[in-house]
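# Close look at the chain arrangement
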Amino acid sequence: MSFDNLQQILDQRKQRSLYRRREILQSPQSPKIIVAGKTLLNFSSNDYLGLANHPRVVESFKLAADEYGVGGGASHLVNGHSHHHHELELELAEFCNRSRALLFCSGYMANVGVINALLGKTDAVFQDKLNHASLLDGGLLSGAKFQRYLHNDVDSLEKKLVRSTANRKLVVTDAVFSMDGNIANLPALADKALQHNAWLMIDDAHGIGVLGETGAGCSELYKLSEQQVPVLMGTLGKAFGTSGAFVAGSDALIETLIQFSRTYIYTTSMPPAVAAASRTSLKLIQKESWRREHLQLLISRFKSGCEQLGLVLLPSDTAIQPIMIGAEHTAVAISEKLSSLGVQVKAIRTPTVPLNQARLRVTFSAAHSLDDLQQLLAALATVVKEIKFEYPY
Ligand SMILES: *Cc1c(COP(=O)(O)O)cnc(C)c1O
């Protein structure tokens, strides 16, 4: 086996409309972005609350950079654990109603690091079929027995839990599924996990900041305690509009991660200014509940607009609203057509989602106006007339 076939594999990917390309963003994230010189109405970012370019968040970042410089300079355990990192951890723990919280440089690293710190060869991990790649990778790397249950199916999970003879059992799920937008049945999952002496870990990348009365995410929405959800992971790159992630739970969990989580130990801390900016985002998340309310209004108006156009949406009430298309090439064609009309909605294709379930993943931000939404619906109406497709394909 050699590397001679790299180009051949790339060419095949192109033929199947699966080739991935990067476009150059020339503006901050906001409802209007400039991509490759062109202004587009943006329905593809995860900046759910419109904080990525918020003046107060930017200001906090600048002030902290003046005070602490740019680089973290060392890992947390050497001397890279700054004042802002520490305060943010305390504030996140309180926000999530947990004993403690620990920062990671990204959600991907948090997921890989947590599962590996908790599980080894004599253990088992139970994952929803639609879990995020970082959770799947974390489970595979841990060496624990790897089991996937049917999507959001508590009975399928229970069958596997009953048969398991593993030492530690960790049930892992996206709280909001990133490509479908639906929320996991967390109360039932928490019950099952407790019944079978397992721990439940939730990845609330798309819920934190957005769901729950104060924005504390899915565990607040369902009032789930630290005992019911022992491992709570959230990210800062989406609703917080900054970068990084955290894990919240008991003192014993956090100390275990500090001792054993390799993606925590063997990496430079995030820039202190990112932590400082995240502290300001957190204050805005808690204080400005209008952002969540406006987001819900956009979501419900969008859903009724799509119904009138005859478009098939997945059953989601979150800011992730996938329009189902089916064929990969059709999804790409529609996405390109929308772009020519000044609207950016990215096509999501296999292997991120199953083959022939390609979709346009529309995401909303509290920064969108109702007028932005009308423009999106008008562009979709134009496209539906021009490009015929049927779903299921
Ligand atoms: C975005 C995302 C991650 C990764 O978080 P990053 O901070 O971007 O690395 C993890 N899990 C889910 C469900 C996500 O959507």
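On a predicted model such as this, the values are computed, not experimentally measured, just so you know.

## Here we look at the sheet that holds strand β9 (residues 245–249)
- As summarised here, the arrangement of the 7 strands in space is β3-β9-β8-β7-β6-β4-β5, forming an open sheet in which the pairing is mixed. What marks the edges here is a single partner per strand, and that holds for β3 (100–104) and β5 (145–149). Mean inter-strand twist for the sheet, computed between neighbouring axes without regard to direction, equals 20°.
- Pairing of β3 with β9, which is carried by 5 bridges, proceeds in the antiparallel orientation.

## Describing the pairing of strand β4 (residues 124–128)
- Extensive coverage of β4 is indicated by the burial of 5 of its 5 residues.
- Alternating residues of β4 divide into Ala124, Phe126 and Asp128 and Val125 and Gln127, and every residue in both groups is buried.
- Sheet topology places β4 next to β5; 5 bridges connect them, and they run parallel. Residue pairing in the sheet places alanine 124 in a bridge with lysine 145 of β5.
- For the crossover from β4 across helix α6 (residues 133–142) to β5, the handedness is right-handed.
- Sheet analysis places β4 next to strand β6 (residues 169–174), joined by 4 bridges and oriented parallel. Across the sheet, phenylalanine 126 pairs through a bridge with valine 171, a residue of β6.

## Considering the domain arrangement of the protein
- One can read the domain layout of the protein as domain 1 (17–46 + 289–386) and domain 2 (55–287).
- Each of domain 1 and domain 2 has a C-alpha centre, and the two are 27 Å apart.
- On the side of domain 2, 21 residues touch domain 1, which itself brings 16 residues to the contact.
- Approximately 1300 Å² of surface area, both sides summed, lies buried where domain 1 meets domain 2, with 56% of it carried by carbon and sulfur atoms.
- Among the residues domain 1 hides against domain 2, the three largest losses belong to Asn46, Arg292 and Thr318. Together they make up 41% of the total.
- Inspection of the region where domain 1 meets domain 2 yields 1 salt bridge.
- Close ionic contact of aspartate 180 with arginine 359 constitutes a salt bridge, the shortest N to O distance being 2.9 Å.
- Counting every contact that joins domain 1 to domain 2 gives 8 residue pairs in polar contact (both at pLDDT 80 or more).
- For the side of domain 1 that touches domain 2, the secondary-structure elements that each account for two or more residues are α13 (290–309), β10 (320–326) and β13 (358–363).

## Overview of the nonpolar core
- In this structure, Val171, Phe246, Phe302, Phe364 and Leu376 are the most contacted members of the largest nonpolar core, which totals 79 residues.
- Counting contributing residues per domain, this core is built from domain 1 (17–46 + 289–386) and domain 2 (55–287), each supplying no fewer than three.
- Those residues in contact with phenylalanine 302, other than ones at most four positions away along the chain, are Leu313, Gln321, Ile323, Val362, Phe364, Leu373, Leu376, Leu377 and Leu380.
- Grouped together as the second largest cluster of nonpolar side chains are 24 residues, Leu102, Leu170, Ile254 and Ile258 included.

## Regarding the site of the ligand
- The environment of the ligand is made up of 14 residues, and the closest members are Gly107, Tyr108, Asp203, His206 and Lys238.
- Taking lysine 238, its side chain carries an N or O atom lying 2.6 Å from an oxygen atom of the ligand.
- Burial of the ligand by the protein chains amounts to 81% of its free accessible area of 380 Å².
- It is helix α5 (residues 107–118) that contributes the most residues to the shell around the ligand, 3 residues altogether.
- Residues belonging to the shell around the ligand are distributed by class as follows: 2 nonpolar, 9 polar and 3 charged.

## A word on the environment of glycine 217
- Within the secondary structure, glycine 217 sits in the loop between β7 (199–203) and α9 (218–221).
- With relative accessibility at 0%, the residue glycine 217 sits in the buried group.
- Once the C-alpha coordinates of glycine 217 and leucine 253 are considered, the two residues, 36 residues apart in sequence, prove to be 20 Å apart.
- Leave out the neighbours within four places in its chain, and glycine 217 touches Asp204, Gly207, Ile208, Gly209, Leu211 and Gly212.

## What to know about the state of the cysteines
- On inspection of all chains with the given rule, the structure shows 0 disulfides.
- Lacking any disulfide linkage, cysteine 96 is separated from the closest cysteine sulfur, that of cysteine 218, by 11 Å.
- Owing to a relative accessible area of 3%, cysteine 96 belongs among the buried residues under this scheme.

Basis of the calculations
Residues numbered from 1 in each chain as written. Predicted model: local features only at pLDDT ≥ 70, side-chain atom pairs only at ≥ 80, totals over all residues. Heavy atoms only, no water. Pairing = 2+ DSSP bridges. Helix = DSSP H or I, 4+ residues; strand = E, 2+ residues; numbered from the N terminus. Axes fitted to C-alpha atoms, helices over the stretch in contact; angles between N-to-C directions. Buried < 20%, exposed > 50% of the residue type's maximum accessible area, 1.4 Å probe, protein only. Right-handed = clockwise from strand over helix to strand, strands pointing away. Domains from an automatic or database assignment. Contact = heavy atoms within 4.5 Å. Buried area = accessible area lost by both parts, 1.4 Å probe. Salt bridge = Lys/Arg side-chain N within 4 Å of Asp/Glu carboxyl O. Polar contact = N/O pair within 3.5 Å; in protein donor to acceptor, adjacent residues only side chain to side chain. Core = buried A, V, L, I, M, F, W, Y, C linked by side-chain atoms within 4.5 Å. Near = heavy atom within 4 Å. Areas by Shrake-Rupley, 256 points an atom, 1.4 Å probe, with all protein chains shown as cover. Nonpolar A, V, L, I, M, F, W, Y, C, P; charged D, E, K, R; others polar. Disulfide = S-S within 2.5 Å.

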